[in-house]
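Residues per chain, in single letters:
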Amino acid sequence: MNASRVANARSGRLDHQDVEWMKMALRLASNAALQGEVPVGAVVVREGVVIGHGANARETRQDPVAHAEVVALQAAAHALGRWRLTDCTLYVTLEPCAMCAGALVNARIGRVVFGCVDPKAGAVVSVATLLSHPRLNHRPPFQHGVLEEDCARLLKGFFQARRAKKHSRNDGEMAELVEGA
């Protein structure tokens, strides 16, 4: 994708490093996919340095809140020794869900950059608009569309492979049932 083609409702700036940090988030997402996790990766950056990163780990940790954004925020807060991340930017491959958007608001994150939208559960521009809700006390600027096609391709490929595996497993189970009859 052309890095300059970025849609955004609140912050038109695109730092030249945004693409590089998103590439790192994509590598984390790819690694998550290899572990059977939905491929979402996140990186928290402060003054040009990664201070936290994470990938989805719900399956491996058996933890419903182990989303990439939460894991990365926790690592960043631990690294800084504080929960307010006002001088940090979070890069994530997929639009944050309501839980993660809430965590971003509560962490007072300085800026959010995400790759592709999530039309089923996204809470920044898709299903809800939590980061820009007028009643919240913190509304971080956000950018979306950075490496959008790469982020979407990784997710689509993961779910296509998962469906194909499920269908082949179901076909095998059906064959066993037919043979056993």
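Structure shown above.
Calculation rules
- Residues numbered from 1 in each chain as written.
- Predicted model: local features only at pLDDT ≥ 70, side-chain atom pairs only at ≥ 80, totals over all residues.
- Heavy atoms only, no water.
- Helix = DSSP H or I, 4+ residues; strand = E, 2+ residues; numbered from the N terminus.
- Buried < 20%, exposed > 50% of the residue type's maximum accessible area, 1.4 Å probe, protein only.
- Contact = heavy atoms within 4.5 Å.
- Core = buried A, V, L, I, M, F, W, Y, C linked by side-chain atoms within 4.5 Å.
- Axes fitted to C-alpha atoms, helices over the stretch in contact; angles between N-to-C directions.
- Parallel < 35°, antiparallel > 145°, perpendicular 65-115°, else oblique.
- Left-handed = near helix turned anticlockwise from the far one by under 90°.
- Nonpolar A, V, L, I, M, F, W, Y, C, P; charged D, E, K, R; others polar.
- Polar contact = N/O pair within 3.5 Å; in protein donor to acceptor, adjacent residues only side chain to side chain.

1. Regarding the overall build of the chain
Check the secondary structure of the chain and you find 5 helices and 5 strands. Written out in order from the N terminus, the α and β elements of the chain read α-β-β-α-α-β-α-β-β-α. Expressed as a percentage of the 181 residues in the chain, the buried residues total 40%. For the chain, restricting intrachain contacts to residue pairs at least 6 apart in sequence, the fraction spanning at least 24 positions comes to 60%.

2. Observations concerning the nonpolar core
If you look at the biggest cluster of nonpolar residues, it comprises 43 residues, and the most contacted ones within it are Val 44, Leu 73, Leu 90, Ile 109, Val 112 and Leu 131. Broken down by secondary-structure element, the contributors of at least two residues to this core are helix 1 (18–34), strand 1 (41–46), strand 2 (49–55), helix 3 (68–80), strand 3 (89–94), helix 4 (98–106), strand 4 (111–116) and helix 5 (148–180). With 7 residues, helix 1 is the single largest residue contributor to this core. When near neighbours in sequence (up to four residues on either side) are disregarded, Leu 90 contacts Ala 42, Val 43, Val 44, Glu 69, Ala 72, Leu 73, Leu 104, Ile 109, Arg 111, Val 112 and Val 113.

3. Quick look at the packing of helix 3 against helix 4
Running from N to C, helix 3 and helix 4 cross one another at 25°; their axes reach a closest spacing of 9 Å. Judged by the inter-axis angle, helix 3 sits roughly parallel to helix 4. Considering the relative orientation of helix 3 and helix 4, their crossing is left-handed. Taken together, the residues of helix 4 that come into contact with helix 3 (itself represented by Glu 69, Val 70 and Leu 73) are Met 99, Cys 100, Ala 103 and Leu 104. Here the residues of the contact of helix 3 with helix 4 sort into 6 nonpolar, no polar and 1 charged.

4. Thoughts on the side chain of Glu 37
Inspection of the secondary structure assignment puts Glu 37 in the loop between helix 1 and strand 1. From its side chain, Glu 37 meets the backbone nitrogen of Thr 60 in a polar contact 2.6 Å long. Contact partners of Glu 37, with chain neighbours within four places excluded, come to Ala 32, Asn 56, Ala 57, Arg 58, Glu 59, Thr 60 and Phe 158.

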